[in-house]
Amino acid sequence: LGGQVRPLTATVGAGVRLTVTRVGDGWVGATAQTDCRATLPTSPAAGSGEVPGDIATLYRALGTAAAGWHTDAVPCPAGQIATTDAYSTATDTGGLVGRLAAAVPAGGRRFANPGNRLIWRQGGTSVIVAASDDGTSVTVQRTVVAC
């Protein structure tokens, strides 16, 4: 109402609550809360080692490189869910959709959005490439679900 959108919430089985909130134009946040508590594995230190190759390839196509990155992984019954977040060195953030159109894999499903973001999913992998809020760098978020 008046530009405000109330969060959607649902209880999904015993002890599981899902909340979806509008974060901004074209962006939503989803949070799942459970009664389950597990010890999670330690993620690698931010920026340790080489940035994953597919993210490095995206940055090379834009004429930049990763300035920092980290991966968070959560175990699941048959594997893990891993999300890697990266941000680039200072670069031109204009026209990401057109500049990276060839980066979407054959068979990948692109998601239209009103902003300067390229979003796709192929199999268990989802990728979001977006200009940073201040317009000086490009962020990449890649989530791989292997459960």
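Residues numbered from 1 in each chain as written. Predicted model: local features only at pLDDT ≥ 70, side-chain atom pairs only at ≥ 80, totals over all residues. Heavy atoms only, no water.

> Talk me through the sheet that holds strand S3 (residues 27–34); I want residue IDs and the actual numbers.
What the three strands build is an open sheet, ordered S1-S2-S3; its pairing is antiparallel. Across the chains shown, the open sheet's two edge strands, defined by having one partner strand only, are strand S1 (8–11) and S3. On average, each strand axis in the sheet is tilted by 15 degrees relative to the strand beside it, whichever way the strands run. In this sheet, S3 lies alongside strand S2 (residues 16–24) in antiparallel orientation, the contact comprising eight bridges. Bridging across to S3, Thr 19 finds its partner in Thr 31. (Pairing = 2+ DSSP bridges. Helix = DSSP H or I, 4+ residues; strand = E, 2+ residues; numbered from the N terminus. Axes fitted to C-alpha atoms, helices over the stretch in contact; angles between N-to-C directions.)

> Break down the pairing of strand S8 (residues 125–131) for me, with residues and values.
As paired strands, strand S7 (residues 117–122) and S8 are joined by six bridges and run antiparallel to one another. Bridge pairing in S8 links Arg 117 to Ala 130. Note: S8 against strand S9 (residues 138–146), seven bridges, orientation antiparallel. Among the inter-strand pairings, Thr 125 is bridged to a residue of S9, identified as Val 144. Turn length for the S8-S9 hairpin, with the two strands adjacent in sequence and antiparallel, is six residues, and the turn residue Gly 135 shows positive phi of about 70 degrees.

> Tell me what's going on with the nonpolar core, and back it up with residues and numbers.
By size, the foremost hydrophobic cluster in this structure holds 17 residues, and its most contacted members are Leu 58, Trp 120, Val 129 and Val 140. For this core, the elements supplying multiple residues, two or more each, are helix H1 (53–61), S7, S8 and S9. Apart from the residues within four sequence positions on either side, Val 129 is in contact with Leu 58, Leu 96, Leu 100, Asn 116, Arg 117, Leu 118, Trp 120, Val 138, Thr 139 and Val 140. (Core = buried A, V, L, I, M, F, W, Y, C linked by side-chain atoms within 4.5 Å. Buried < 20%, exposed > 50% of the residue type's maximum accessible area, 1.4 Å probe, protein only. Contact = heavy atoms within 4.5 Å.)

> I'd like a description of the side chain of Thr 71, backed by residues and values.
Note that Thr 71 resides in strand S4 (residues 66–76). Judged by relative accessible area, which is 14%, Thr 71 ranks as buried.

On their own, these measurements won't tell you what the molecule is for.
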